[in-house]
Amino acid sequence: MYFGLPEPQLMPGARNAVETCLSVRPGEHVALIADEACRAVAASIAAAIEDRHAQYTGLLLEDFGPRPMTVAPPAVLEALETADAGVMCMTPQPGELGARMAIVRVVERRQIRYAHMVGVTPEIMQQGMRADYRMVDRLSDKLRERMLHAQTLTVKTEAGTSIAAHFDRGLDWVKTSGLISPRYWSNLPAGEVFTTPATVDGTFVCDATAGDHFNGKYGDLQTTPLVLKIEGARLTGVDCARKDLEQEFWQYCHTDENSDRVGELAFGTNLGLSSMIGVLLQDEKFPGVHIAFGDPYGSQTHADWKSKTHVDVLTRNCDVWIDDDQVISKGHYQLSHLGLA
């Protein structure tokens, strides 16, 4: 599959993805999966792969059937079975999470380097994908080290978020800082440190974006936030001025027995971002803390439960304390508190 000529303004981000994040080496083979909406991004990544004197197999999702795709196309899975690395850049549609999870299972089983760019846009390629990922990695390391021994994480915002989380020492804190290894695949743009919390209690106001298909359908929620009540890491109440969104979110979070459970609590660590843009893939990496209901990525955190769903919710301008130490103030890391100043 030929994705077309690359756009010059996308090439710095594409080279960062291929050279720095995936460390593609000459002679390696990359499975490059894309859809029509992300064709321009795929073209730039393909060019960056060729610049590394590597090869790629291009796969366009629309060639394998109608969207939304309910199952992972066999040709995509077959390409990942023999690739040294993989990239998937696509715009998600409702009902496709299962197919994406099937693709990730092949990646995890084979332990290949893999960049998951679901929701990527040309704007993101020119912003989050131009970050200094070595600095993002240093910050992520410091946070992970601190959280392995932390008792409590507190998150507050002026919009009304006020949660306290506690942790299970038997579960891991996972770093996805953009420097991708065979052990951990990563979203790109990257910059997260996450775990599955033992408990979360309080109110979380999603006044930015929500994940899965909610991002594309409802966009930025700053003017119509979701107010989420959480007790014992379970969603117990949803309130929103948009009653269609309120009902749909509540139903989504009750798809199965664990859809209402907080499966992820994450720091965003991409210091290259200066503002949110209304696209979850990038905004969840913005400095702050966010949570997700549903699947806990147990293959990485070692949580022993699963869900068919996973939906992130983001809040703006966080104040964050690790135990009694404030490490984020209004969405800005206090780097001196983390030994990075």
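Asks: Explain the overall build of the chain residue by residue, including any values.
Replies: Check the secondary structure of the chain and you find ten helices and 18 strands. In terms of overall dimensions, the chain is globule-like: its C-alpha atoms have a radius of gyration of 19 Å, near the 20 Å expected for 341 residues. Dimensions of the chain, computed from C-alpha atoms along their principal axes, come out at roughly 50 × 45 × 35 Å. Going through the 341 residues of the chain one by one, you find that 59% of them count as buried.

Asks: Account for empty space enclosed by the protein, with residues named and values stated.
Replies: Applying the stated criterion to the full structure yields one cavity of 30 Å³ or more. There is about 60 Å³ of room inside the largest cavity. What lines the largest cavity is simply Gly268, Met276, Asp283, Glu284, Phe286, Pro287, Gly288, Val289, His290, Leu314 and Thr315. If you tally residues by element for the lining of the largest cavity, the top one is strand S14 (residues 288-294), at three residues. Looking at the lining of the largest cavity residue by residue, the class counts come to five nonpolar, four polar and two charged.

Asks: I'd love a proper account of the packing of helix H3 (residues 74-82) against helix H4 (residues 97-110), names of residues and values included.
Replies: Look at H3 against H4: their axes get within 10 Å of each other, and the N-to-C directions meet at 15°. Between H3 and H4, the crossing angle belongs to the class labelled roughly parallel. When you trace H3 past H4, the crossing you get is right-handed. Contacts from Val76, Leu77, Leu80, Glu81 and Thr82 of H3 reach H4 at Ala102, Ile103, Val106, Val107, Arg109 and Arg110. Its residues placed into classes, the contact of H3 with H4 shows seven nonpolar, one polar and three charged.

Asks: Before we move on, can you summarise the pattern of salt bridges with the specific residues and values?
Replies: Taken as a whole, this structure holds 21 salt bridges when the rule is applied. Between Arg67 and Asp35 there is a salt bridge, and its shortest N-O distance comes to 3.1 Å. Of this pair, Arg67 sits in the loop between strand S2 (55-60) and H3 while Asp35 is found in the loop between strand S1 (29-34) and helix H2 (39-51), placing the two residues 32 residues apart along the sequence. We note that Arg67, like Asp35, is buried.

Reading the values: rules and limits
- Residues numbered from 1 in each chain as written.
- Predicted model: local features only at pLDDT ≥ 70, side-chain atom pairs only at ≥ 80, totals over all residues.
- Heavy atoms only, no water.
- Helix = DSSP H or I, 4+ residues; strand = E, 2+ residues; numbered from the N terminus.
- Rg over C-alpha atoms; globule rule 2.2 N^0.38 Å.
- Buried < 20%, exposed > 50% of the residue type's maximum accessible area, 1.4 Å probe, protein only.
- 1 Å grid on protein atoms, 1.4 Å probe; cavity = no way out; pocket = protein on both sides within 12 Å on 5 of 7 lines; lining within 4 Å.
- Points joined across faces, edges and corners; volume = space filled by probe spheres on them.
- Nonpolar A, V, L, I, M, F, W, Y, C, P; charged D, E, K, R; others polar.
- Axes fitted to C-alpha atoms, helices over the stretch in contact; angles between N-to-C directions.
- Parallel < 35°, antiparallel > 145°, perpendicular 65-115°, else oblique.
- Left-handed = near helix turned anticlockwise from the far one by under 90°.
- Contact = heavy atoms within 4.5 Å.
- Salt bridge = Lys/Arg side-chain N within 4 Å of Asp/Glu carboxyl O.

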